[in-house]
Amino acid sequence: MQTDAETMLCDADAPHITDEREAVRLCRSLDCPVLVIGGDQDKIVPPERMRRIAELTNAELLVIEGGGHAPHVRYPVAVNHAIRDFAGRLAPRPRQPAAWPATHGRRRRALWVSSPIGLGHVQRDLAIARALRQRVPDLEIHWLAQPPVTEVLAGAGEIIHPASAAQVSESAHWESESADHDLPAFYAFRRMDEILCANYLLFDDVVRDTRYDLWVGDESWEIDYFLHENPERKIAPYVFMTDVVGFLPTDSGDAREARLCADYNADSIEKRERFPRLRDLSMFIGSFDELPDCPFGPGLPQIRSWSQRWFSSVPYVLPFNPDAYRDRAGLRRRLGYPENQPLLVAAVGGTAVGINLLELTCDAFARLRKQVPDARMLLVTGPRIDPRLLPDIEGMDKRGYVPDLFEHLACADAAVVQGGLSTTMELVATGRPFIYFPLRRHWEQQHFVAHRLDHYRAGLRMDYATTTADDLATAMRAALAQNGTGPGYRKIPRGGAGRAAARIAPLLAGQ
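Residues numbered from 1 in each chain as written. Predicted model: local features only at pLDDT ≥ 70, side-chain atom pairs only at ≥ 80, totals over all residues. Heavy atoms only, no water.

Caption draft 1: Just the pattern of salt bridges, in detail. As enumerated under the stated definition, the model contains 38 salt bridges in all. Between Arg21 and Asp19 there is a salt bridge, with the nearest N and O atoms lying 4.0 Å from each other. The exposure class of Asp19 is partly exposed, given its relative accessible area of 34%. Of the charged contacts, one joins Arg326 and Asp323 as a salt bridge, the two residues approaching to 3.8 Å between their closest N and O atoms. (Salt bridge = Lys/Arg side-chain N within 4 Å of Asp/Glu carboxyl O. Buried < 20%, exposed > 50% of the residue type's maximum accessible area, 1.4 Å probe, protein only.)

Caption draft 2: View of the nonpolar core. Ranked by size, the top nonpolar core spans 68 residues in total, and within it Trp112, Leu132, Val428 and Phe434 carry the most contacts. Ranked by residues supplied to this core, first place goes to helix 6 (residues 120-135) with 7 residues. Apart from the residues within four sequence positions on either side, Trp112 is in contact with Asp125, Ile128, Ala129, Leu132, Ile141, His142, Trp143, Leu144, Val216 and Met241. (Core = buried A, V, L, I, M, F, W, Y, C linked by side-chain atoms within 4.5 Å. Helix = DSSP H or I, 4+ residues; strand = E, 2+ residues; numbered from the N terminus. Contact = heavy atoms within 4.5 Å.)

Caption draft 3: Structural view of the sheet that holds strand 5 (residues 159-160). Spatial strand order, 5-4-3-6-7-8-9: 7 strands in an open sheet with parallel pairing. Two strands close off the open sheet at either side, each with one partner strand: strand 5 and strand 9 (312-314). Here helix 6 sits on the sheet in contact with strand 3 (109-114), strand 4 (140-144), strand 6 (214-218), strand 7 (238-242) and strand 8 (281-285), set at roughly 165 degrees to strand 3. (Pairing = 2+ DSSP bridges. Axes fitted to C-alpha atoms, helices over the stretch in contact; angles between N-to-C directions.)

Caption draft 4: How the structure looks around the packing of helix 2 (residues 20-29) against helix 3 (residues 47-57). Look at helix 2 against helix 3: their axes get within 7 Å of each other, and the N-to-C directions meet at 45 degrees. What the angle tells us is that helix 2 and helix 3 run oblique. By crossing handedness, the relation of helix 2 to helix 3 is classed as right-handed. The residues of helix 3 that touch helix 2, namely those facing Val24, Cys27 and Arg28, are Arg52, Ile53, Leu56 and Thr57. In terms of residue class, the contact of helix 2 with helix 3 is built from 4 nonpolar, 1 polar and 2 charged. (Parallel < 35°, antiparallel > 145°, perpendicular 65-115°, else oblique. Left-handed = near helix turned anticlockwise from the far one by under 90°. Nonpolar A, V, L, I, M, F, W, Y, C, P; charged D, E, K, R; others polar.)

Caption draft 5: Representation of the environment of Gly400 in the model. Residue position: Gly400 is located in the loop between strand 12 (396-399) and helix 16 (405-410). Distance in space between the C-alpha atoms of Gly400 and Ser114 is 22 Å, their sequence separation being 286 residues. In this structure, Gly400 is in contact with Val380, Thr381, Gly382 and Pro387, ignoring residues within four places of it in sequence.

Caption draft 6: Summary view of the sheet that holds strand 12. Ordered by their spatial adjacency, 6 strands build an open sheet running 12-11-10-13-14-15, and the pairing between neighbours is parallel. Where the open sheet ends on each side, the last strands, each with one partner, are strand 12 and strand 15 (460-461). Note that strand 14 (residues 434-437) and strand 15 share 2 bridges and pair parallel. Across the sheet, Ile435 pairs through a bridge with Leu460, a residue of strand 15.

Caption draft 7: A look at the side chain of Ser307. As for its position among the elements, Ser307 is in helix 13 (residues 303-310). At a separation of 2.7 Å, a polar atom in the side chain of Ser307 contacts the main-chain carbonyl oxygen of Ile303. Excluding anything up to four places from it in sequence, Ser307 contacts Val245, Phe288 and Leu291. (Polar contact = N/O pair within 3.5 Å; in protein donor to acceptor, adjacent residues only side chain to side chain.)

Caption draft 8: Representation of the packing of aromatic side chains within the structure. Throughout the structure, instances matching the rule amount to 21 aromatic pairs. With a centroid separation of 5.8 Å and an interplanar angle of 85 degrees, the aromatic rings of Phe189 and Tyr264 are classed as edge-to-face. Of this pair, Phe189 sits in helix 9 (residues 185-190) while Tyr264 is found in helix 12 (residues 255-274), placing the two residues 75 residues apart along the sequence. (Phe/Tyr/Trp six-rings, centres within 6.5 Å; stacked < 30°, edge-to-face > 60°.)

Caption draft 9: Inspection of helix 17 (residues 421-430) at higher detail. For helix 17, a buried count of 10 out of 10 residues is recorded, marking the element as mostly surrounded by other parts of the structure. For helix 17, the secondary structure elements touched by its buried residues are helix 6, helix 16, strand 13 (414-418), strand 14 and helix 18 (443-455). Phi turns positive one or two residues past the end of helix 17, at Gly431, with a value near 70 degrees.

Caption draft 10: Highlighting the environment of Asp471. With respect to the helices and strands, Asp471 occurs in helix 19 (residues 469-481). In the structure, Asp471 is positioned 216 residues away from Ala255 in sequence and 32 Å away in space, judged by C-alpha atoms. Ignoring any residue separated from it by four or fewer positions in sequence, one finds Asp471 in contact with Met462 and Thr466.

Encoded structure:
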């Protein structure tokens, strides 16, 4: 994460040694400690050369069995730890006095890693964490997270691990990959290897500097991947939670995407089945019927049946009790909205990906006001989009981050949102009519979220690329007209947070 293409290209102009005698002389002239690392299946630099260099320099030699060329790319955790251990032996850190509290007097401690993509993960994580503390009252939770998640955690009075500030931003990467309501999410995921590796290695340091009784990861893909690559690094019970299982291609004309999705899925399936006990608990958030019933790829298992085998399921976790928000008139009075004016809420989550949809929504609302003059709209841009970038329209209130957004959604007559799972499911829970626009080429929103919403018979799906402002204004007016009749969604099962906590709590027993 600290170099650039120009620096790497400097090697192209460097002098290369072609004379073996000169190479031998240079190796023997080294008077510093040397570590040589190489793969025994390297087809570019013969393993014999690696061993000869180690012999000539009196070096330590690390052979990656089964490794090919550039083992630091394919096996970064093993290579990084080898380098750090080597440097540490040459310049050891000053030893600090050790302190170890007696087990019977020590509070139980968990490290919780919450996904930084959007704000829905942290809301459900907080709900589960609160339920878990009710079962394990002495539990102390440290959070390893990134902005904007850290702002939510700080507002909730949680302990944010100081190492959080050293993480490489995932949200910035996702935003850099998006434009015009289009996010090729699978390719974006494949292009963040360096980010995931850096953040995993930071996690690895954290859990060795502090003794934790439990690790919890909510879609902590980097931790899950590198632990399965390096299972010996697991030193505590580990819980992995997710609401999506696998990748599915989004572009029927892109054969490469379909091929790579299947390849990645096959690799993940092989790792999971090879190390079945690495995760002490694999938890799917939702019922298995909410997963698509299709294969991971040609010749691979069905997503739903495979998930039933390898995951336990808990009801979808909501950060609130929908029954507490049935009195919409009272809720509007508390939040300061007029009781008898049509109210719409538009929101796009915690990243900057949704600015194009917000611009379309502003245009559509201006047109709607000509037909419904007393209509009002709360436009929530999220913490990454400056509300001042969007036009001022009479009847529209623009805000950045809105705590407890679900309350505003619950009292709205209709909503316009992206295809993110958290916001759409909050609308399902409160029975509000809504229009949603899945991001183009975003495999989760296009396949998994859309299937789940179809399962609940919820929402009107629209395509951003083919929707005009007039189209959206018409859909808004139709959604407002549903308000008196109710959309007739399927009910979301209750108690997800409590049941998740009940599954996690036994892993802390006896610690």
